[in-house]
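# Architecture and fold: a report
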Amino acid sequence: MQQPMDVDTGHDNDRVFELAAELFGVLATPMRLRILSALCDREKSVSELLAEIDTTQPNLSQHLNLLYRSGVLAKRKEGTQVIYRVQSERAVTICRTVCTQIAIEMDEPSSIPASERLSPRPNA
């Protein structure tokens, strides 16, 4: 039997859920997950990210801007270059944990009971 999510920390649970949903919304696109993955080890310029991620410069900039405004990324200018880095290590840890688990489920679908799967679809 599943337990309800216990977030009784003295805060308004509705607000906790709203903020959690906001973070999940920020992280809810494959492009933003690719960006976070690319920035896990070190900071990179927009041109370095473009060389690593298959997208257009305007699309990349739009996603970088949203991640920056939400506090997941930080940025600085170096001459004409904008350099991005991870600001929220916790957000990256959440993404890494979920993506690793889903990769395991894809590689070994029969080894994970349905009750322990994260992937919304079997054999995703």
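Thresholds, definitions, all that
- Every chain is numbered independently, its residues counted from 1 as its sequence is written.
- Two thresholds apply to this predicted model, a pLDDT of at least 70 for residue-level local features and 80 or more for giving and counting side-chain atom pairs, whereas whole-chain, interface and lining totals are computed over all residues.
- Note: side-chain values were computed over all heavy atoms of the structure, leaving out hydrogens and water.
- Put simply, DSSP H or I for four residues or longer makes a helix, DSSP E for two residues or longer makes a strand, and each gets a number counted from the N terminus.
- A helix's residues, less one, multiplied by 1.5 Å, set its expected span.
- When accessible area is computed with a 1.4 Å probe and restricted to protein chains, residues below 20% of their type maximum are described as buried, those above 50% as exposed, and intermediate ones as partly exposed.
- Summarising the geometry, the arc corresponds to the directions from the helix axis toward the C-beta atoms.
- Only heavy atoms enter the contact rule, under which two residues are in contact if any of them lie within 4.5 Å.
- Each patch is assembled from residues with relative accessible area greater than 30% and no salt bridge, linking like charges that lie within 9 Å and nonpolar side chains (Val, Leu, Ile, Met, Phe, Trp, Tyr) that lie within 5 Å.
- Note on areas: Shrake-Rupley, 1.4 Å probe, and residue coverage restricted to the protein chains presented here.
- Salt bridges are identified by distance alone: a Lys or Arg side-chain nitrogen within 4 Å of an Asp or Glu carboxyl oxygen.
- For two strands to be treated as a pair, DSSP must find no fewer than two bridges joining them.
- Fitted lines through C-alpha atoms give the axes, limited to the stretch in contact for helices. The angle between two N-to-C directions lies from 0 to 180 degrees.

Helix length check: helix 5 (residues 89–107) (19 residues) gives 27 Å between terminal C-alpha atoms against 27 Å at 1.5 Å per residue, within 8%. Considered for burial, the residues of helix 5 that qualify are Ala91, Val92, Cys95 and Glu105. One side of helix 5 holds all its buried residues, which, seen down the axis, span an arc of 160 degrees. Exposed and facing more than 90 degrees away from the buried side of helix 5 are Glu89, Arg90 and Asp107. For helix 5, the elements touching its buried residues are helix 1 (13–26), helix 2 (30–39) and strand 3 (81–86).

Residues Phe24, Ile94, Val98 and Leu118 make up a contiguous nonpolar surface patch of roughly 350 Å² in combined accessible area. Here Leu118 lies in the segment after helix 5.

Right, let's get into the pattern of salt bridges. For the structure on display, the rule yields 6 salt bridges. A salt bridge links Arg15 to Glu18; the nearest nitrogen and oxygen atoms lie 3.3 Å apart. One end of the pair, Arg15, and the other, Glu18, are both in helix 1, 3 residues apart, so they sit about a helical turn from each other. Among the residues examined, Glu18 registers a relative accessible area of 46% and is labelled partly exposed. Note that Arg76 and Glu78 form a salt bridge whose closest N and O atoms lie 2.8 Å from each other. Classification of Arg76 as partly exposed rests on a relative accessible area of 31%. Overall, Glu78 belongs to the partly exposed group, its relative accessible area being 46%. Three or more residues are tied together by salt bridges with common partners; here these are Glu43, Arg76 and Glu78.

On the basis of which strands lie adjacent, the open sheet formed by 3 strands has the order 1-3-2 and antiparallel pairing. With partners counted over all chains shown, the strands left at the sheet margins are strand 1 (44–45) and strand 2 (73–78), one partner each. Taken together, the 2 bridges between strand 1 and strand 3 define a ladder with antiparallel strand orientation. Along strand 3, the bridge assignment pairs Lys44 with Tyr84. Here helix 4 (residues 57–69) sits on the sheet and contacts strand 2 and strand 3; the angle it forms with strand 2, its principal contact strand, is near 115 degrees.

Everything listed here is a matter of coordinates, which is why it stays silent on function.
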